[in-house]
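Coordinates in review
What follows is the residue order along each chain.
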Amino acid sequence: MKGQLKQVGIVLVILVCTAVLIVGGYLWISRPVSFSSMFPIATEDISFCHVTLHTLSEEDMDDQTGTLTQE
């Protein structure tokens with residue numbers, strides 16, 4: 001009886017550790033990434049940013065282009 005309880009405990013520990021790793025990996029991947037961490041430039045040194053948004057579907061090839069300012 002004591003041996004079975006020990007095996008069940010080991011299985012539960014493994015399942016909990018696996019669940020923690022999966023949740024931690026998901027939170028790491030889905031974390032927000034700020035502009036300052038992607039580029040080594042101070043945000044006040046940026047006067048504008050030219051952005052092009054591409055569509056993912058092949059039927060709709062209407063790309064959006066715009067310029068972002070600090071305002």
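Scroll up for the structure.
In this text the structure is predicted, and so the values were computed from the model without any measurement.

Cut-offs applied
Counting restarts for each chain, with residues numbered from 1 along the sequence as it is written. Two thresholds apply to this predicted model, a pLDDT of at least 70 for residue-level local features and 80 or more for giving and counting side-chain atom pairs, whereas whole-chain, interface and lining totals are computed over all residues. For the side-chain quantities, the full set of heavy atoms in the structure was used; hydrogens and water were omitted. Note on conventions: DSSP H or I runs of at least 4 residues are helices, E runs of at least 2 residues are strands, and numbering of each starts at the N terminus. A 1.4 Å probe rolled over the protein chains alone gives each residue an accessible area, and that area as a share of the maximum for its type sets the label: buried under 20%, exposed over 50%, partly exposed in between. Residue burial considers only the protein chains on display, and all accessible areas are found by Shrake-Rupley using a 1.4 Å probe. Patch definition: residues with relative accessible area over 30% and no salt bridge; like charges joined within 9 Å; nonpolar side chains (Val, Leu, Ile, Met, Phe, Trp, Tyr) joined within 5 Å. Salt bridge, as applied in this entry: a Lys or Arg side-chain nitrogen positioned within 4 Å of an Asp or Glu carboxyl oxygen. Helix span is expected to be 1.5 Å times the residue number reduced by one.

If you tally the helices and strands in the chain, you get 2 helices and 2 strands. Counting helices and strands in the order they occur from the N terminus, the chain gives α-α-β-β. When the 71 residues of the chain are sorted by exposure, 1% land in the buried category. For the chain, the accessible area works out to roughly 6,900 Å², and carbon and sulfur atoms hold 67% of it.

Together, Val8, Val11, Leu12 and Leu15 make up an exposed nonpolar region whose accessible area comes to about 360 Å². Structurally, Leu12 can be placed in helix H1 (residues 2-29).

This part covers H1. End to end, H1 covers 41 Å across 28 residues, agreeing with the expected 40 Å (1.5 Å per residue, within 8%). In terms of burial, H1 is a largely surface element, 0 of the 28 residues being buried.

Purely spatial values, then, with no claim about function.
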